[in-house]
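A look at the structure
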Amino acid sequence: MVVSVKNKKVLFVDDTPTVCEGLSKLIELPNVECLCAYTVAEALAICGNSHIDVAMVDARMPPESGIALISQLHKKHPALKIVGITSFEEVATVLDFIEVKVAGIFLKNSGRKSGLNECLQAVLNGETYFPAKVKALLENHTQANTSKPITQFTPREQEILSLMSIGMKTKEIADQLKITKSTAEDHRERLMQKTGTDNGPDLIRFILKNGLL
């Protein structure tokens, strides 16, 4: 579902100016203003002086850490939505992003303008965005990890998790599965109880991190 966005500000944070500016120029959503920051200090200053709706932060910004910056931004600006961006398609970076509770991950090497806009639109809509490559990395990691959590889901719960993972809301899930909204909400609550999570985004991060989809 595409929701129109109005007067939104998106901050790209990357230590390579050409990459930062290049990504910002790929955004085609209407009424979205893109800003760039090339250091952690610049990013913190911009977020402190202007209302930023989404920050898209690179994982590695020598000599500083984009992962550490994300943690700082969460503490200073709890309402800010954050997307991790990286050119390193490796599970360690993905796990680092999930640990600091990003709303989505964009792989720069995918080189897809549509993917970047899809990611931003999803996050602006209050959804999460984890592309197929990210899910595959996490699944392969989990299969090789003998400490995989033992969490059992019913077939209906598996359906609901799959729909949640693509950003569907409770009402949309209920309509899709032809169940009442209250039933869908009950399933969602049980899933959070089973996984020890507090909300929908945390539930999806848990599922993705542990390869349970």
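The model shown is predicted, which means the values in this text are computed figures rather than measured ones. (Residues numbered from 1 in each chain as written. Predicted model: local features only at pLDDT ≥ 70, side-chain atom pairs only at ≥ 80, totals over all residues. Heavy atoms only, no water.)

Within the protein chain, the secondary structure is distributed over 10 helices and seven strands. For 213 residues, the compact-globule estimate of 2.2 N^0.38 gives 17 Å, and the C-alpha radius of gyration of the protein chain, at 17 Å, lies within 12% of that figure. With respect to the three principal axes, the spread of C-alpha positions in the protein chain is 50 × 40 × 30 Å. Across the 213 residues of the protein chain, 46% fall into the buried class. The long-range fraction of contacts in the protein chain, counting pairs at least 24 apart against all pairs at least 6 apart in sequence, stands at 66%. (Helix = DSSP H or I, 4+ residues; strand = E, 2+ residues; numbered from the N terminus. Rg over C-alpha atoms; globule rule 2.2 N^0.38 Å. Buried < 20%, exposed > 50% of the residue type's maximum accessible area, 1.4 Å probe, protein only. Contact = heavy atoms within 4.5 Å.)

Right, let's get into helix 1 (residues 17-25). For helix 1, the complete set of buried residues consists of Cys20, Leu23 and Ser24. When helix 1 is viewed along its axis, its buried side chains cluster within an angular range of 100 degrees and face the same direction. Those residues of helix 1 that are exposed and angled more than 90 degrees off the buried face are Thr18 and Lys25. (Arc of directions from axis to C-beta.)

The next thing to look at is the nonpolar core. For soluble globular proteins, the rule of thumb is that nonpolar side chains tend to be buried together. Counting 45 residues, the largest nonpolar core has Val13, Val57, Leu73, Val102, Ile105 and Phe130 as the members making the most contacts within it. Excluding residues within four positions of it along the chain, leucine 73 makes contact with Leu44, Cys47, Ala55, Val57, Pro78, Leu80 and Ile82. Core analysis: the next-biggest nonpolar cluster, separate from the first, contains 20 residues, Cys20, Leu29, Met56 and Leu124 among them. (Core = buried A, V, L, I, M, F, W, Y, C linked by side-chain atoms within 4.5 Å.)

Strand order in the open sheet made by the five strands is 2-1-3-6-7, with parallel pairing throughout. Two strands in the sheet have a free side with no partner beyond their single neighbour: strand 2 (32-37) and strand 7 (104-107). Direction aside, neighbouring strands of the sheet carry axes that sit 20 degrees apart on average. Contacting strand 1 (8-13), strand 2, strand 6 (81-86) and strand 7, helix 1 crosses the sheet at an angle of about 175 degrees to strand 2. Contacts between helix 5 (residues 113-124) and the sheet are confined to strand 1, strand 2, strand 3 (54-58), strand 6 and strand 7, with strand 3 contributing the most and set at about 135 degrees to the helix. (Pairing = 2+ DSSP bridges. Axes fitted to C-alpha atoms, helices over the stretch in contact; angles between N-to-C directions.)

With respect to the helices and strands, serine 165 occurs in helix 7 (residues 155-165). Of the polar contacts made by the side chain of serine 165, one reaches the backbone oxygen of serine 162; its length is 2.6 Å. (Polar contact = N/O pair within 3.5 Å; in protein donor to acceptor, adjacent residues only side chain to side chain.)

Let us now look at the confidence of the model for the protein chain. Across the protein chain, the average pLDDT comes to 86, with 92% of residues at or above 70. Of all helices and strands in the protein chain, the one with the weakest mean pLDDT is helix 6 (residues 132-143) (78), whereas strand 3 scores best (97). (pLDDT = per-residue confidence, 0-100.)

Looking now at the environment of glutamine 176. Within the secondary structure, glutamine 176 sits in helix 8 (residues 170-177). Spatially, the C-alpha atoms of glutamine 176 and isoleucine 160 are 9.7 Å apart, while their sequence positions differ by 16 residues. In this structure glutamine 176 touches Leu163 and Met168, once residues within four positions along its chain are discounted.

Quantified by volume, the second largest pocket comes out at close to 230 Å³. Around the second largest pocket, the lining comprises 13 residues; the ones closest to its centre are Met164, Met168, Lys169, Gly200 and Pro201. Counting only elements with at least two residues in the lining of the second largest pocket, the list comes to helix 8 and helix 10 (200-209). The element contributing the most residues to the lining of the second largest pocket is helix 10, with three residues. (1 Å grid on protein atoms, 1.4 Å probe; cavity = no way out; pocket = protein on both sides within 12 Å on 5 of 7 lines; lining within 4 Å. Points joined across faces, edges and corners; volume = space filled by probe spheres on them.)

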